[in-house]
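# Residue-level structure breakdown
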Amino acid sequence: MSDTKPTTFIIFGASGDLTRRKLIPALFNSYRKDRLPEQFNIVGFARRPWDDEKLRQVLQEGMQELAPEEYVADQWDSFAQKISYVKGDLTTQEDYESLRQHLLKIEAGPGNRLYYLATSPSFFVTIVESLGKANMVAEKDGWRRVVVEKPFGHDLASAKSLNNAIQAVFAEEQIYRIDHYLGKETAQNILYFRFANTIFEPVWNRNYVDNVQITVTESVDVGHRAGYYDDAGVVRDMFQNHLMQLLSLVAMEPPASFEADAVRNEKAKLFHAIRPLDLDQTVRGQYKGYLQAEGVAEGSQTPTYAAMSLFIDNWRWQGVPFYMRSGKALAIKNTEIIVEFKQPPHLMFEGIQDEDFSSNILSMCIQPDEGIHLKFEAKTPDSHKTQPVDMEFHYRSSFKGNSLPDAYERLLLDAVKGDASLFTRADSIEAAWALMDPVINCWEEDKTAPPMITYPRGSWGPTEADELLARTGRVWRHACSHPEEG
Ligand code: BG6
């Protein structure tokens, strides 16, 4: 890293799950790969009566349990020496002064600071304002940046007021709103696929594309997160952020450069071109047994599944439906983007009708079988018929020596480098909320439109989602291979 100043990662909510599961494994892996600044420190801030040793022990156990193949004992020991703990209450201003003193002590000179908000969102504003009051935001001795975890707001109004509150203390260039889907290698590859090649972009439009489908299914249920989830539901939890971000990568215009604002301007333009959603084109569902999960309110109407279609009013996409679906407790975990192409305008093959013919399908497999599939028609040998065949690219075979880093690894390093292109800007977050708010409001206020469908665990969700496509003669596609399918 070119910046030689010491860099300190300050994690608010250091005793929580995110720190153990994601942040520390990401920092440790970057350390092992020699990608962290030469001089760095990690400071955990939380309320529990812990000390440096206790925090190190908890994080070490987390590494051993959650990422055993990445845990290397002697490297861990030297890494752990950089970790320290400040016991403090997020709502007590004096505790930020103790934190400031601690930082001055360990930094031993001018340094950079990355504040990571890994707490419940209800503390985001308090932390940011307290940092401001404690004079910990000014950039005279090094940069100061803040990483804000999701959920970013609960609706458009709260997202706006959160943006305003953070921007009252930090400049937009200092704010890094995280969406871990953007840190996934395969999500980043969407722009490379489209714009580092010449053969796909000419057909990437309404003249050739029949429809686009974004599927993010999860086999897990809400588990222990009902306290958060029951208040959020699938649209806030997955659509407003992850699915909308995937949509922007597939549909945006090419930016002139890969610089953060060039990319984010194109995304914002795209979001603003999306037509307000037609509520008749939405489906909501709840898996059987959700109401019995601990922490779920009696008779809860929180959707754990949603499907919807939308249109983008611009030259490239006019008239092309984009379908999105996501849910929990479904048959498989699979994140996949399908681009389905139009049928050939004229079939001259003897004995072959339109209905014998499959359309060309490009499938971007984001996870778990990371890769790309292209399905096209081939002549069946010794016959006049055709059959769809598959051209496949898999990361695991094409990049044998390169493991796919966790999204947090990439995003944390980008924040240190000052590269915000994989972080969400205020305008896009608000635009995505503006699209989702009417759906959420309608579902919450008018409990009949559309009806809540209960779907069995381990299924593909409500069959009404199939009807959503069937209305125009289309079907959900699935082309990625999946370990459970053999
Ligand atoms: C999180 C949601 O943002 O993304 C979770 O809060 C969801 O409910 C998770 O399970 C999915 O992430 P991934 O990386 O496992 O697809």
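For the structure itself, consult the block above.
To keep things clear, this report deals only with the structure shown in the data block. (Residues numbered from 1 in each chain as written. Predicted model: local features only at pLDDT ≥ 70, side-chain atom pairs only at ≥ 80, totals over all residues. Heavy atoms only, no water.)

A few words on empty space enclosed by the protein. Using the criterion set out here, one finds three cavities of 30 Å³ or more in the structure. As a volume, the largest cavity reaches approximately 150 Å³. Every residue lining the largest cavity is counted, 18 residues in all, and those nearest its centre are F152, D179, Q240, N241 and I429. Considered class by class, the residues forming the lining of the largest cavity number seven nonpolar, six polar and five charged. Counted as a void, the second largest cavity has a volume near 50 Å³. Around the second largest cavity, the lining residues are T186, N189, I190, F193, M364, C365, I366, G371, I372 and Y395. Sorting the residues of the lining of the second largest cavity by element identifies helix 7 (185-195), strand 12 (361-367) and strand 13 (371-379) as the ones contributing at least two each. (1 Å grid on protein atoms, 1.4 Å probe; cavity = no way out; pocket = protein on both sides within 12 Å on 5 of 7 lines; lining within 4 Å. Points joined across faces, edges and corners; volume = space filled by probe spheres on them. Nonpolar A, V, L, I, M, F, W, Y, C, P; charged D, E, K, R; others polar. Helix = DSSP H or I, 4+ residues; strand = E, 2+ residues; numbered from the N terminus.)

Ordered by their spatial adjacency, six strands build an open sheet running 3-2-1-4-5-6, and the pairing between neighbours is parallel. The open sheet has two free edges, formed respectively by strand 3 (83-87) and strand 6 (175-177), since each of these has just one partner strand. Across the sheet, the mean angle separating the axes of adjacent strands is 20° when strand polarity is ignored. The pairing of strand 1 (residues 7-12) with strand 2 (residues 40-46) spans six bridges and is classified as parallel. Counterpart to T7 in the pairing with strand 2 is F40. (Pairing = 2+ DSSP bridges. Axes fitted to C-alpha atoms, helices over the stretch in contact; angles between N-to-C directions.)

Next up on the list: the site of the ligand. Taken together, K150, H180, Y181, K184, E218, R225, D237, M238, H242, K328, K333 and Q367 make up all the residues around the ligand. Between K184 and the ligand, the recorded distance is 2.6 Å, taken from a side-chain N or O atom to an oxygen atom. Here E218 contributes a side-chain N or O atom positioned 2.5 Å from an oxygen atom of the ligand. If the ligand stood free it would expose 400 Å²; the protein chains cover 81% of that surface. Sort the elements by how many residues they give to the shell around the ligand and helix 8 (residues 226-251) lands first, with three residues. Here the shell around the ligand is composed, by residue class, of two nonpolar, three polar and seven charged. (Near = heavy atom within 4 Å. Polar contact = N/O pair within 3.5 Å; in protein donor to acceptor, adjacent residues only side chain to side chain. Areas by Shrake-Rupley, 256 points an atom, 1.4 Å probe, with all protein chains shown as cover.)

The next thing to look at is the sheet that holds strand 13. Strand order in the open sheet made by the nine strands is 14-13-12-11-7-10-9-8-15, with mixed pairing throughout. Both outer strands of the open sheet, strand 14 (386-394) and strand 15 (452-455), are each paired with one neighbouring strand and no more. Shown here is a sheet whose adjacent strand axes are inclined to one another by a mean of 20°, direction ignored. Of the pairings in the sheet, the one linking strand 8 (residues 282-287) to strand 9 (residues 305-310) comprises four bridges and is antiparallel in character. Bridged to R284 within strand 9 is A306. Taken strand by strand, helix 7 contacts strand 11 (334-341), strand 12, strand 13 and strand 14, and its axis lies near 145° from that of strand 12. Against the sheet, helix 12 (residues 426-445) touches strand 8, strand 9 and strand 10 (322-327), its axis set at about 55° to strand 8. (Contact = heavy atoms within 4.5 Å.)

Geometry of a packed helix pair, given as the angle between the helix axes and the separation of the axes. Running from N to C, helix 9 (residues 260-273) and helix 12 cross one another at 15°; their axes reach a closest spacing of 9 Å. By the criterion of interaxial angle, the relationship of helix 9 to helix 12 is roughly parallel. In this structure, helix 9 crosses over helix 12, and the sense of that crossing is left-handed. Here R264, K267, A268, F271 and H272 of helix 9 lie close against helix 12, whose contacting residues are D427, S428, A431 and L435. (Parallel < 35°, antiparallel > 145°, perpendicular 65-115°, else oblique. Left-handed = near helix turned anticlockwise from the far one by under 90°.)

By definition, a disulfide links two cysteine residues through a covalent bond between their sulfur atoms. What the rule picks out here adds up to one disulfide. Residue C365 pairs covalently with C480 via a disulfide, S to S 2.0 Å. Between C365 and C480 the disulfide shows an S-S torsion of about -105°. By sign, it is left-handed. One end of the pair, C365, is in strand 12; the other, C480, is in the segment after helix 13 (464-470), with 115 residues separating them in the sequence. The residues C365 and C480 share a single accessibility class, namely buried. (Disulfide = S-S within 2.5 Å. Buried < 20%, exposed > 50% of the residue type's maximum accessible area, 1.4 Å probe, protein only.)

Counted by the stated rule, this structure contains 27 aromatic pairs. Residues F28 and W76 carry aromatic rings whose centres are separated by 5.3 Å and whose planes lie at 75° to one another, so their mutual orientation is edge-to-face. With F28 in helix 1 (residues 17-32) and W76 in helix 3 (residues 73-80), the pair connects residues that are 48 residues apart, well separated along the chain. Given the relative accessible area of 0%, F28 is considered buried. Judged by relative accessible area, which is 2%, W76 ranks as buried. (Phe/Tyr/Trp six-rings, centres within 6.5 Å; stacked < 30°, edge-to-face > 60°.)

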